[in-house]
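# Descriptive analysis of the structure
Each chain, letter by letter, is given below.
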Amino acid sequence: MAREIAPCGTRSAYSRHLRRGETPCQPCRDANAAFSRARNLARQRAWVRLARRYPDEYRALYAEELEKAGVR
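Quick summary incoming for the structure in this document. (Residues numbered from 1 in each chain as written. Predicted model: local features only at pLDDT ≥ 70, side-chain atom pairs only at ≥ 80, totals over all residues. Heavy atoms only, no water.)

### Considering the overall build of the protein chain
Counting its secondary structure elements, the protein chain contains three helices and zero strands. What you see for the protein chain is a C-alpha radius of gyration of 19 Å, clearly larger than the 11 Å of a compact globule of 72 residues, by over 25%. In terms of its C-alpha atoms, the protein chain occupies a principal-axis envelope of roughly 55 × 25 × 20 Å. By residue count, 12% of the 72 residues in the protein chain fall in the buried class. Considering only residue pairs separated by 6 or more positions, the protein chain has 7% of its internal contacts joining residues 24 or more positions apart. Entry remark: accessible area of the protein chain is about 6400 Å², with carbon and sulfur atoms responsible for 54%. Distance between charge centres in the protein chain, computed from 16 positive and 8 negative side chains, equals 7 Å. (Helix = DSSP H or I, 4+ residues; strand = E, 2+ residues; numbered from the N terminus. Rg over C-alpha atoms; globule rule 2.2 N^0.38 Å. Buried < 20%, exposed > 50% of the residue type's maximum accessible area, 1.4 Å probe, protein only. Contact = heavy atoms within 4.5 Å. Areas by Shrake-Rupley, 256 points an atom, 1.4 Å probe, with all protein chains shown as cover. Lys, Arg positive; Asp, Glu negative; His and termini not counted. Charge placed at Lys NZ, Arg CZ, Asp CG, Glu CD.)

Below, the structure written as structure tokens:
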């Protein structure tokens, strides 16, 4: 049984455009942007939860990363 092709306006279709060397259509670009926003929001929320759960470790890691970046 053949796999059904995802319609435009989905992240799968966005990836298909890229694999084919095509410029993704606007609905596919919108779907990919929405996915990226949701993923980034989830990542940010996880960071906040970890920082609250382990405040000392978070502050130490954050300071270390700032130092690596040359921010003082």
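### Let's talk about the pattern of salt bridges
For the coordinates displayed, the defined rule picks out two salt bridges. Residues Arg 59 and Asp 56 are paired through a salt bridge, measuring 2.8 Å at the closest nitrogen-oxygen approach. Residue Arg 59 and its partner Asp 56 are located together in helix 3 (residues 55–68), separated by three residues, close to a single helical turn. In this structure, Arg 59 and Asp 56 share a single accessibility class: exposed. (Salt bridge = Lys/Arg side-chain N within 4 Å of Asp/Glu carboxyl O.)

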